[in-house]
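Working through the structure, step by step
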Number of protein chains: 2
Amino acid sequence: MEYKQVIILRKDLGMGKGKIAAQSSHASLEAYEKTLIKDPKAVEEWKNQGQAKIVLKVNSKEELLELFQELKNLFPCSLIKDAGRTQIAAGEPTAVGIGPVPESEINKFTKELKLL
Amino acid sequence: MEYKQVIILRKDLGMGKGKIAAQSSHASLEAYEKTLIKDPKAVEEWKNQGQAKIVLKVNSKEELLELFQELKNLFPCSLIKDAGRTQIAAGEPTAVGIGPVPESEINKFTKELKLL
């Protein structure tokens, strides 16, 4: 079974490259830690397979939150809200991280999303 | 003491946003894991303080590797090399992650670098 971590970022906020890098890293690390607790074997497999990370985009807050609501009971998920120190209002949701999870399972939910 | 994690990305590779997000997340996660082993108290402090991540840039492979060589004996550091599946040649160094480490200590080495 192939594992990957999926990171979903909001495109509509017009985040700069540094912001994208930071929010993505927040989402990745928090989802990783949740997965380590809920499914340590998935983490181990994923590491042995090279720790694939896939970065996708959504076009609105609503789309991001809808996905998070749908996925959070099925997979270990993080929802990142901006600290508001730069560029974006405090508390604004920016990113979601998922897993690592089996590729075949998460693809059912994310196949319509485009790569960032 | 204030802690932060520093992520340094190469600007000269012309990485797209998705690539930047993925390489940054690799660097962040790997540096985090190394810090967890070498200095778990730093990780705890950093989490309590809100997990600040700062993303900086360098303009060449040489600059990235030089920084990594200088920092790797002083702080828990990751050096990320691209898997070569997209955009960039396999094995090409793309990013460095550091810590979380005390802000006052890492700033001595990174103060000349600009934000990505």
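Up top is the structure.
Residues numbered from 1 in each chain as written. Chains lettered and ligands numbered in written order. Predicted model: local features only at pLDDT ≥ 70, side-chain atom pairs only at ≥ 80, totals over all residues. Heavy atoms only, no water.

**Looking at the interface of chain A and chain B**
Let me state the cut-off plainly: Any two residues whose heavy atoms approach within 4.5 Å at even a single point are treated as in contact. Accessible area, probed at 1.4 Å, shrinks when two parts are joined; the buried area is that loss added up over both. Here, a salt bridge means any side-chain nitrogen of Lys or Arg that lies within 4 Å of a carboxyl oxygen of Asp or Glu. Any pair of nitrogen or oxygen atoms within 3.5 Å is treated as a polar contact; in protein, a donor-acceptor pairing is required on top of that, and neighbouring residues in sequence qualify only through side-chain atoms on both sides. For the purposes of this entry, the term helix denotes a DSSP run of H or I that reaches at least four residues, the term strand denotes a run of E that reaches at least two, and both are numbered from the N terminus. Residues are grouped as follows: Ala, Val, Leu, Ile, Met, Phe, Trp, Tyr, Cys and Pro are nonpolar; Asp, Glu, Lys and Arg are charged; every other residue, Gly included, is polar.
Every contact between the two is made by 24 residues of chain A and, on the other side, 24 residues of chain B. At the boundary of chain A with chain B, total buried surface from both sides reaches about 1,900 Å², with 59% on carbon and sulfur atoms. Summed over the three residues of chain A that lose the most area to chain B, namely Lys17(A), Leu29(A) and Lys53(A), the buried surface amounts to 29% of that side. Counting across the interface, chain A meets chain B through 2 salt bridges. For the pair chain A and chain B, the number of links is 10 residue pairs in polar contact (both at pLDDT 80 or more). For the side of chain A that touches chain B, the secondary-structure elements that each account for two or more residues are β1 (3-10), α1 (17-38), α2 (40-48) and β2 (53-58) of chain A. Considering each element in turn, the side of chain A that touches chain B owes the most residues, 12 residues, to α1(A). A breakdown of the residues in the side of chain A that touches chain B according to their chemical character gives 12 nonpolar, 6 polar and 6 charged.

**Side note on the relation of the copies chain A and chain B**
Short version of the rule: Copies overlap after least-squares fitting; the atoms used are the C-alpha atoms of residues with pLDDT of at least 70 in both.
At an RMSD of 0.0 Å, chain A and chain B line up after a rotation of 180 degrees and a shift of 0.0 Å along the axis. The superposition of one copy onto the other is thereby described by a two-fold rotation axis.

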